[in-house]
Amino acid sequence: MTDLAVRRRRRALTPGQWIGRAFVAVLLLTFAAFFILPIIWLVLAPTKTNSELLLDGPFAFGSFEQLVANWNELFAFGSGVFAVWLGNSAFYSFAALAITLIVSIPAGYALALIEFKGRRLLLVTTLVVMLIPNTALVLPIFLELSAVRLIGSPLAVILPFSFFPFGVYLTYIYFSTAVSRDLLNAARIDGAGELRVFAQVAMPLATPVIALVGFFSFVANWNNYFLPFLVVGGQKIPVQVGLANLLSNVPAFNPTTASSIVIQLPTLALATLLSVAPILLIFLFAQRFLVEGMTAGGTKE
Amino acid sequence: MTVTAPPAPAGVVPSGRRRPERRRASRSNAGQSRFGYVFVSGYTLLLVAFGLLPTLYALFLSFTRNGVFVGFDNFVRVFNDYRFLPAVGHVALYVVFWLVSLIVLVVILAIVVHSIRVRWLGDTARFLFYIPGAIAGASSVLLWLFVLDPSVSPVSALLRSMGYESLVNVVAVGNLPVVFTVIAFWAGAGGWIVIMYGALNNISADIMEAARIDGAGALQVAWHIQLPMLTKWISYMGIMSLAAGTQLFVEPKILAQATKNVVPEDYSLNQLAYLYAFRQGDFSGSAAISVMLLVVALGLSTIFIFRGRLFERD
Amino acid sequence: MSQHSSFRRRATRLITTGAIAATGLLVLSACSTGAEAGGDDTYGFAAAEQVADSPITVWVDASREPAVTAFQEAYPDIEVVLETYDGNAGGSGSFQSKISLMDQAGDGWPDVVFSTQQNDAIWASKDTPNGEPGFAAPLNEGLIDQDFLDGFAEGSLDYATIDGTVYGLRNDLAQTVFYYNQKLLDEFGYDVPSTWEEYAELGDALAAEHPGYILGSMGDSFMTYIYYGGSESPVFQSPEPGVFHSDTSAENAQDISAIIDGMLENGTLVQDSFFSAEFAANYADKLVGVPGPVWYTGAIFQGGLATPAGEIGVAPPLKWEGGDVAAGNVGGGIWYASRHSANLDAVATFLEFVTSADEFQVEASSGYPAYTSAAEKWLDKQAEAGYFVNDDFETVMSDAAGQIWSGWNVTPWSPETAWAKVVIPGMAEGETVVSLLPAWQTELENEATVNGYTVE
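Each value, and the rule that gives it
- Residues numbered from 1 in each chain as written.
- Chains lettered and ligands numbered in written order.
- Predicted model: local features only at pLDDT ≥ 70, side-chain atom pairs only at ≥ 80, totals over all residues.
- Helix = DSSP H or I, 4+ residues; strand = E, 2+ residues; numbered from the N terminus.
- Buried ≥ 20, exposed ≤ 12 C-beta atoms within 10 Å, placed from the backbone.
- Contact = placed C-beta atoms within 7 Å.
- Core = buried A, V, L, I, M, F, W, Y, C linked by C-beta atoms within 7 Å.
- Axes fitted to C-alpha atoms, helices over the stretch in contact; angles between N-to-C directions.
- Parallel < 35°, antiparallel > 145°, perpendicular 65-115°, else oblique.
- Left-handed = near helix turned anticlockwise from the far one by under 90°.
- Nonpolar A, V, L, I, M, F, W, Y, C, P; charged D, E, K, R; others polar.
- Pairing = 2+ DSSP bridges.

**Student:** Explanation requested: the overall build of chain C in the structure shown.
**Tutor:** If you tally the helices and strands in chain C, you get 17 helices and 14 strands. Along the first, second and third principal axes, the C-alpha set of chain C runs to 105 × 55 × 40 Å. Expressed as a percentage of the 456 residues in chain C, the buried residues total 51%. The contacts in chain C between residues at least 6 apart in sequence include a share of 77% that link residues at least 24 apart.

**Student:** Looking at this structure, how should I read the nonpolar core?
**Tutor:** It is characteristic of soluble globular proteins that their nonpolar side chains tend to be buried jointly. Membership of the largest hydrophobic core comes to 328 residues, with the highest contact counts inside it found for Val106(B), Ala110(B), Ile193(B), Met196(B), Val112(C) and Leu351(C). No other element matches the 17 residues that helix α10 (residues 176–201) of chain B contributes to this core. For Val106(B), the residues in contact, after removing those within four places along its chain, are Ala189(B), Trp192(B), Ile193(B), Met196(B) and Met237(B).

**Student:** Would you mind showing me how to read the environment of Met263(C) here?
**Tutor:** Residues and elements named next belong to chain C. Secondary-structure assignment places Met 263 in helix α9 (residues 251–266). Spatially, the C-alpha atoms of Met 263 and Ala 306 are 25 Å apart, while their sequence positions differ by 43 residues. In this view, Met 263 contacts Ala 200, Gly 203, Leu 215, Thr 268 and Leu 269; residues no more than four positions away in its chain are not counted.

**Student:** Is there a simple way to explain the packing of helix α7 (residues 137–148) of chain B against α10(B) in this structure?
**Tutor:** How two helices sit against one another is set out by the angle between their axes and by the gap between those axes. All names here are of chain B. Where α7 meets α10, the closest approach of the two axes is 11 Å, and the angle between their N-to-C directions is 125 degrees. When the axis of α7 is compared with that of α10, the two are oblique. Relative to α10, α7 is oriented so that their crossing is right-handed. Where α7 approaches α10, its residues Ser 140, Val 141, Trp 144 and Leu 148 are matched on the opposing element by Val 179, Ile 183 and Ala 187. Split by residue class, the contact of α7 with α10 holds six nonpolar, one polar and no charged.

**Student:** When you look at the interface of chain A and chain B in this model, what are you seeing that I'm missing?
**Tutor:** Accessible area lost upon the coming together of the parts serves often as the stated size of an interface. At the interface, 95 residues of chain A touch 100 residues of chain B. Take the side of chain A that touches chain B: its biggest share by element is 14 residues, from helix α2 (residues 15–44) of chain A. Here the residues of the side of chain A that touches chain B sort into 70 nonpolar, 20 polar and five charged.

**Student:** When you look at the environment of Pro208(A) in this model, what are you seeing that I'm missing?
**Tutor:** Within the fold, Pro208(A) resides in helix α12 (residues 207–222). Along the chain, Pro208(A) and Gln66(A) lie 142 residues apart, while their C-alpha atoms are 42 Å from each other.

**Student:** Teacher, can you tell me more about the pairing of strand β8 (residues 176–181) of chain C here?
**Tutor:** Two faces, one strand: in a regular strand the side chains alternate between the faces of the sheet. Residues and elements named next belong to chain C. With respect to burial, β8 is a largely interior element, six of its six residues being buried. Across the two faces of β8 the burial is the same, with Thr 176, Phe 178 and Tyr 180 and Val 177, Tyr 179 and Asn 181 all buried. One ladder, built from five bridges, connects β8 with strand β10 (residues 289–293); its direction is antiparallel. Note on β10: the bridge partner recorded for Val 177 is Gly 292. Summarising the sheet, β8 and strand β11 (residues 312–315) pair through four bridges and their orientation is antiparallel. Considered in β11, the bridge of Tyr 180 is made with Gly 313.

This is how it looks when you write it as structure tokens:
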């Protein structure tokens, strides 16, 4: 559609179009509010005291002093266990991320560009497993890890986290569409070994897909609750599981703790915010990359 | 986590490119092939260890008791557990609510956002819809715990006007399918909207313009042109969300904790499987439930791969 | 061609090797955690290898945190790692679930755990599904001196005693009594009720003449013990191990439910949790009287409601007209030791301290200590402070301890979960408790069946 056409239409709006536009505007505003207000509330809540949270307007700003107080209360809780949880989350997510990249990128590359027996079987299996919700395998993985006595070890979180068929599929798609086989073959004819072809021809082209796989793997693992909830305990839990533990120290949600109040609601809100802060930041900074990447995904037909 | 995992897989899953120029066997040589195996070895190891073996082991457990083959005994026992059928009912009801609202609202919102001519406005809308996807798992449930508790909620006036005075009122068992739908929709819908938006971009501008010149209104364009183009994606979204919805766990688990079991700890099937393993020490029963869930998930994904047209492969 | 097939062979070998490596990896790690150190017979069980001066990890609910703080002050040489959890409140089962995970892991157990429930010894004394001994360490076979155990109030260790072996130490007693606010009663001209009937009549009078004043709350799931245990309703009985009996159609159950319904209706019973901020804000000076366990003294009146001394009195538990006095029992937490602890001496010191030392039980604990010498001092402290208006509160409380109704039993599952699942939401929806009784009984019986009990 040309700009001219747009302008012409704008000038002459029929009553029907007016209603349509009004409807669209209301719809968009309603849903924008639905999606964004909880987050704004969450960002503001930690700046308030408990009573301000209960009594003041929901979108009022408290004070920075109170934010600091809540921060201190949160990190003083259980002699700083919240920091330990964050550290665990980071350790599990990054370790799994590293293994995921090390195994997925070559695997996706091989599936796309190297012929070998069993390639199709591996590809179809990957697709099937990729489309299963990851939670479906959690209990079986727990039962398996329990049988081999790996429960409680950090490996019980990291290794299952590292298994990321979607990453392999993504790499496969990327290499089979974005890298031409002729380019690789030319390198081979020049006498380059497979390893050199991969390292010097394919890898330099793979930066976008490495970023994408890394992003999805990190987000999925950081936010995972079910698996770590089942396989690690005590001081080894990541922040998602710790957050739920924190809940039982909030008087409003756990009646028996009232006599010695430990965690107040604004502090719990702060914990919730911090537990998603890394992901939220990645989303904010990479928004163009992500939204465009996903949009393009739908576009590629 | 269950349903709020980034639906990104869809976004970057184009249908496979056909590569007619490929001459398979003749091109491959031993050296290349060997590197193929080396390159996939690490991944294959993980696939075996955390895809295949757990499945087989769960199957083994579900048909045995203390190592002795017992046929379908474990399944029968679980089925006769008074908590089983209600849990199936809870999950089914939730999935229905979730799928219907997801499909209807995502399609409408995608088309509406797509119709915005002002570029920055459309970009902003997509971003706003998408951002809650960053908050998943226990964090999103906790956030919604605040939103749903009339004493602290930013929308407490709304909750009170609907007659809800306390958290216990809001999360009454009858309301839970809606509550979980709202939570899941909040965190997950944005990703799908963005994906649908991308699919809508595919429709050539010529077709749209031609339709308009023929006098078709926005609604007619949506109904006769845009919707048919989206069906493939809608079915993908539907299947993925259906499979994910049956896995409901973290939402009822945390609400149960927050309400001192007024939201029952045996609300969903995964919770029941958890109770079997951790409270009753009955791994066979737990395995039986997870095998049932796994069969559903596997069935859905396999049907989709072999019958759906989204993954047309070489 | 021959090259091709040799290649295939090699590939097969590679994949097989991969699979073996995958399983090998898992098996290997299995070996590393299998080691279980055998100890001597000092404690009456195979203790883990003892490491002198190793830190002990303690799980408590937030209310018991002062116990740990007090211990750290008294024993600065023993390192204590404090972890708070929900205390298993409301029968949440978190204690058992968390220990199950540790049992699976084969390490990471806490050394000491406090639970607000009374039934944990049942599972904690049993072998794990892997066939290893259960979590709780036997205490009366060498870990704790018999002399010390004899210092607990009679019968107070019964819940934690399985086949003669003591697995836990009682923190506090939890018999119910009737608390009343003398100031308000005087102001309104009412008498202290002594029967459930008079309690209901007081509710009617209060609702009619002084609306807004209340006689309790039904918002917490432990009300089952107060109203049904305290009214001798045969709702939760286990006449012998493995057998469960519940009869909500019994006269007492019906009558007490009708009384509750009437008082919910006229507003003298509310539905906010006793521990909620709303309850303290709205009813701190509106609570005319309430049946409740002796730990209400610290946890409710001196704690959340901050009622000043000289207003509250303690009367014997309510009974039925013409019936005998019977008290309910509401918790009274229990301390458990882990049989996996690597520093059992420190654990024993800790357990003896938190159950008997003045620093916690008399100074900082909210309830009526189960350890007799501490209990006497606690009562003296209340008397000295002149907290209660009646001078005989000590006798009232200690008499009630001996009047706990024996018809309410302890099973592996908590009676609170069924109440929370069926009755609390029902009441919130405005249904009557009487109408919810059949559903409640069904839920209780179903839970019994799931736990392998026969319903009779």
